Each structure stands twice: as C-alpha cells, then as structure tokens.
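The residues making up each chain are set out below.
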Amino acid sequence: MELSGARVLVAGATGVLGGAITDELADRGARVALAGRDLSRLAHAARAYPGAPVVRFDAYAPESCAGAVRDASTALGGLDAVVIVFGTVAFGAADEVGDEVAEHLMAVNHLAPAAFFRAALGILQPGSAIAAVTGVVAERPQPRMADYSASKAALSAWLDAVRREARSAGVGVLEIRPGHLDTGFALRPVAGTAPPLPKGGAARQVATAVVDALEADAEFLRWGPDGTPAVERRAR
C-alpha cells in the first residue's frame, strides 16, 4: 500500500496506541480520519491534523460503527484502509465475571470491529486494507482473563475467515498481535483488577511496526520474545 495520500480511518484514535498509529500514518503522508466515542477528545486530537474529519461511534451500537465508516468515506472521498485500535478488558476468574461483563467484552472487542469492517468491505477498492489489534491472548488465552481472551480470539477467527473472502476483491486483512503495552489499558478494566504485569512495550514502536506492515501488505504482525516485530503472509 502506498500511504502517501492514502485515506485511512483510525477507530480509537484518541487512545495512546491509536494516537501513535495516527501520528505515524500522517507522518507518511496519509490523510487520516479520526473515530472515537468522546467528541471533545476527538476534537482535541484532531488539532494535530488540520482538516482531518472526526466521526463519533459507540462500540455498543453496531449501527453507529457502520455509520462512522460511511461518514469518514464521505468526508475523505473514499477509504483505502480502516484500522481498529479500540477495546476493553476485564479481569477475574470465569465464575466471578458476570454475564453482563462477558457480553460487554464480546460487543466491544469483536462485534463492534466486525461492524466497522462489514461497512468498509462494501466501500474499499482493490489495494486497500482492514487492520485490527487482537493481542497475544487470541492465541494464548490467560487465566483470570477468559472472557477477554475469548472476545479477542473471536475477532481473530473472524479476520482469518474474512481474509480468505476478501482476497478475490484485492482487499488485505492485517491482524496485529502485540504483547502487553505501556498504555494504561490494563489499568482501566470494566471489572476486576489487573495482576502484576511486566514492563510494557512502547506504543510508538508498535505503531511504526503496524504502519510498516500496512505498507508491506502483510497479513499478520506479531512480536518475538526479544520484542522484534515480524510480519507474515498466512497460508492461502
């Protein structure tokens, strides 16, 4: 993907990682649209990108996710990529996490990104891409994080299936699996308390790897034990 002039919607642009990815995209010449829940935070973030459109969505309302895609496409005159960088987390043993919390996690971490992408797939042209952050829990579910792990694994499975569907249309699907990051995400759970965590990775370094992966038309981005990012194209 040629990022100079590319039209990219970043959903979750007001977060630490979302902001870093937006910065990296803009630095490489992309035209960005910022999507988030809080209009005041969106307006503040958009000051760094003169003329960038902002669109609001509620991750618990799938129709607003689809509407954000349509609004961003209208504002930018089309879309070349949609990047999902939002989510929520909860901690606790499986028998402690209530059904409402489990439903919330699935809605925000799987159903909302899927709603964004369903709308995008009707707009995107050959050579474009969708991308989402799942995380290492999608492949290595963790104790006291069962419902969070399940919601991320659900999104991962969805992306894997859609990747094969979208190839014939020339649309790429990138899954991003970083480890723990130093963004404060784990300190804002909807339930429970985070266990002791190791020092997290730097959001800016992850953002650089994500945008590199988009440029390389990669399908999967993970990090090795030494923190080195590695991209791959999955088996067809």
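The structure presented is a predicted model; accordingly, all values stated were derived computationally and were not measured.

> Kindly report on the overall build of the protein, identifying the contributing residues and their values.
Secondary structure assignment for the protein yields six helices and eight strands. Traced from its N-terminal end to its C-terminal end, the protein shows the element sequence β-α-β-α-β-α-β-α-β-α-β-α-β-β. Over its C-alpha trace the protein gives a radius of gyration of 17 Å, about what one expects of a compact globule, namely 18 Å for 236 residues. Seen through its principal axes, the protein has C-alpha atoms that stretch 50 × 40 × 30 Å. Within the protein, residue pairs in contact and separated by at least 24 positions form 66% of the contacts whose partners lie at least 6 positions apart.

> Explain the side chain of Arg177 to me, and be specific about the residues and the numbers.
Its location among the elements puts Arg177 in strand β6 (residues 172-177). Among the polar contacts listed, one links the side chain of Arg177 to the side chain of Ser156, at a separation of 2.9 Å. Not counting residues up to four positions away in its chain, the partners in contact with Arg177 are Thr134, Gly135, Val136, Ala138, Glu139, Ser156, Phe220, Leu221, Arg222 and Trp223.

> Which residues make up the layout of surface pockets, and what values go with them?
Its volume calculated, the second largest pocket comes out at about 200 Å³. If you go around the second largest pocket, you meet 17 residues; those closest to its centre are Val171, Gly172, Val173, Asp217 and Arg233. Every element with two or more residues in the lining of the second largest pocket is listed here: β6 and α6 (203-215). Its residues assigned to classes, the lining of the second largest pocket comprises eight nonpolar, four polar and five charged.

> Kindly report on the environment of Val108, identifying the contributing residues and their values.
You can see Val108 is positioned in helix α4 (residues 99-121). For the pair Val108 and Thr88, spaced 20 residues apart in sequence, the C-alpha to C-alpha distance is 6.7 Å.

> Explain the packing of aromatic side chains to me, and be specific about the residues and the numbers.
Following the criterion strictly, the structure yields five aromatic pairs and no others. Between Phe86 and Phe116, the aromatic rings sit 5.8 Å apart at their centres with planes inclined by 50 degrees, giving tilted as the arrangement. With Phe86 in the loop between β4 (81-84) and α4 and Phe116 in helix α4, the pair connects residues that are 30 residues apart, well separated along the chain. Plain terms: the ring middles of Tyr148 and Phe185 are 6.3 Å apart, the flat faces sit at 45 degrees to each other, and that makes the pair tilted. Placement of Tyr148 in helix α5 (residues 146-166) and of Phe185 in the loop between β6 and α6 is noted, with a sequence separation of 37 residues between them. Classification of Tyr148 by relative accessible area gives buried; the value is 9%. For Phe185, a relative accessible area of 28% translates into the label partly exposed.

The rules behind each value
Residues numbered from 1 in each chain as written. Predicted model: local features only at pLDDT ≥ 70, side-chain atom pairs only at ≥ 80, totals over all residues. Heavy atoms only, no water. Helix = DSSP H or I, 4+ residues; strand = E, 2+ residues; numbered from the N terminus. Rg over C-alpha atoms; globule rule 2.2 N^0.38 Å. Contact = heavy atoms within 4.5 Å. Polar contact = N/O pair within 3.5 Å; in protein donor to acceptor, adjacent residues only side chain to side chain. 1 Å grid on protein atoms, 1.4 Å probe; cavity = no way out; pocket = protein on both sides within 12 Å on 5 of 7 lines; lining within 4 Å. Points joined across faces, edges and corners; volume = space filled by probe spheres on them. Nonpolar A, V, L, I, M, F, W, Y, C, P; charged D, E, K, R; others polar. Phe/Tyr/Trp six-rings, centres within 6.5 Å; stacked < 30°, edge-to-face > 60°. Buried < 20%, exposed > 50% of the residue type's maximum accessible area, 1.4 Å probe, protein only.

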